[in-house]
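# Observations on chain architecture
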Amino acid sequence: MANLQVKNVPDTLHERLRFYARENRCTISAAVLAAVERELTIWEWREHMARRPATDIGVDAATLIAEERLRRDRELMSRYQSDDLPGEERPGLGMDGVATG
């Protein structure tokens, strides 16, 4: 296993590392290794995602979500209305998702 020495660590960063290690019940070395591993994993994932080809589905995601929400709201409203008996008030959810009645 290789060794790595880091010089000129700012006092504030060293103090933060000590606090983190103490809170997580590990050594400063273990805390630094875990942080480096996390950072490299994130970097590798971003690199992997950047190499993937773009996907064009012909319409933007916001439009698809808005259409699906509208379809869902219409379906829920039709269910609610078909369950009502004439002259009977029943509590339910309004279009904003807040309870009514």
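Rules behind the numbers
Residues numbered from 1 in each chain as written. Predicted model: local features only at pLDDT ≥ 70, side-chain atom pairs only at ≥ 80, totals over all residues. Heavy atoms only, no water. Helix = DSSP H or I, 4+ residues; strand = E, 2+ residues; numbered from the N terminus. Buried < 20%, exposed > 50% of the residue type's maximum accessible area, 1.4 Å probe, protein only. Areas by Shrake-Rupley, 256 points an atom, 1.4 Å probe, with all protein chains shown as cover. Axes fitted to C-alpha atoms, helices over the stretch in contact; angles between N-to-C directions. Parallel < 35°, antiparallel > 145°, perpendicular 65-115°, else oblique. Contact = heavy atoms within 4.5 Å.

## Structural notes on the overall build of the chain
Helix and strand counts for the chain come out as three helices and two strands. Counting from the amino terminus, the chain carries its helices and strands in the arrangement α-α-α-β-β. The 101 residues of the chain split such that 5% are buried. Approximately 9,600 Å² of the chain is accessible, and the part contributed by carbon and sulfur atoms is 56%.

## A closer look at the packing of helix α1 (residues 11-23) against helix α2 (residues 28-51)
Relative orientation of the contacting elements α1 and α2 amounts to 100°, with a least axis distance of 9 Å. If you check the angle between α1 and α2, you find them roughly perpendicular. Residue-level contacts link His14, Leu17, Arg18, Tyr20 and Ala21 of α1 to Ile28, Ala31, Val32 and Arg38 of α2.

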